[in-house]
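The lines below spell out each chain.
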Amino acid sequence: MRGEHHRPGRSGGCVPQERSRRQARNPGTELITMACAAVDYALDHPGVYRLMFGQPCSTHPDAVAASDAAIAFVAERIAAVARPERCEALRIGLWSLVHGLSTLLLDERLGTRTRAEAGALVETVVRTMLDTDLERPDGCSG
């Protein structure tokens, strides 16, 4: 997200009013809102994001503690809206999805997008992944 398409502090991303209306109808909306906020943070602070999750700092005790606290908060929110047998998979999936989308958007691997386009994409992808209840294809282990 370079040039005119990305400026720190620039509005865009997921629409807050829309989030509030949906949250009242769907308890999973809080997870979507948190995912959007995490990606928005990465796009607003690409240097800090890369420093936090890059190899040199990712094993520092303070970074690990901060990451653990964030994951614990997300796990708590997931436990409030998901069946117990789905919590771990949702936590890992949401964590992976947020970091993957953040990195792909920062590296422009999903094309050059405005903040509004990036926000809409993140919301759609996360909503789709959370709403998916697909059956396992034949031959998959697990």
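Please refer to the structure placed before this passage.
Owing to the predicted nature of the structure, the values given are computational and were not obtained by experimental measurement.

Engineer: Help me understand the nonpolar core, please; the structure alone is not making it clear to me.
Structural biologist: Side chains that are nonpolar tend, in soluble globular proteins, to be buried together. Residues V39, I78, L94, V122 and V126 are the most contacted members of the largest nonpolar core, which totals 24 residues. Each residue touching V122, except ones within four places of it in the same chain, is listed here: A35, C36, V39, L101 and L105.

Engineer: Is there a simple way to think about unusual backbone geometry in this case?
Structural biologist: The phi angle of most residues is negative, glycine excepted, and most peptide bonds adopt the trans form. The residue E108 is not glycine, and still its phi comes out positive at about 55°. Relative to the elements of secondary structure, E108 occurs in the loop between α6 (84-106) and α7 (115-131).

Engineer: Which parts of the structure should I look at to understand helix α5 (residues 61-81)?
Structural biologist: It helps to recall that an α-helix has 3.6 residues per turn; residues three or four apart then point in one direction. The end-to-end C-alpha distance of α5, which contains 21 residues, comes to 31 Å, matching closely the 30 Å that a straight helix rising 1.5 Å per residue would cover. Turning to α5, its buried residues number three or more, namely I71, V74 and I78. Projected onto a plane normal to the axis of α5, the buried residues spread over an arc of 60° and lie on a single side. The exposed residues of α5 that point more than 90 degrees off its buried face are P61, D62, E76 and A80. In this structure, the buried residues of α5 make contact with α2 (29-44) and α6.

Engineer: What is the right way to look at the side chain of R115 in this model?
Structural biologist: Inspection of the secondary structure assignment puts R115 in helix α7. Overall, the relative accessible area of 3% leaves R115 in the buried class. In terms of polar contacts, R115 uses its side chain to reach the side chain of D40, at 3.1 Å.

About the cut-offs
- Residues numbered from 1 in each chain as written.
- Predicted model: local features only at pLDDT ≥ 70, side-chain atom pairs only at ≥ 80, totals over all residues.
- Heavy atoms only, no water.
- Core = buried A, V, L, I, M, F, W, Y, C linked by side-chain atoms within 4.5 Å.
- Buried < 20%, exposed > 50% of the residue type's maximum accessible area, 1.4 Å probe, protein only.
- Contact = heavy atoms within 4.5 Å.
- Helix = DSSP H or I, 4+ residues; strand = E, 2+ residues; numbered from the N terminus.
- Expected span 1.5 Å × (residues − 1).
- Arc of directions from axis to C-beta.
- Polar contact = N/O pair within 3.5 Å; in protein donor to acceptor, adjacent residues only side chain to side chain.

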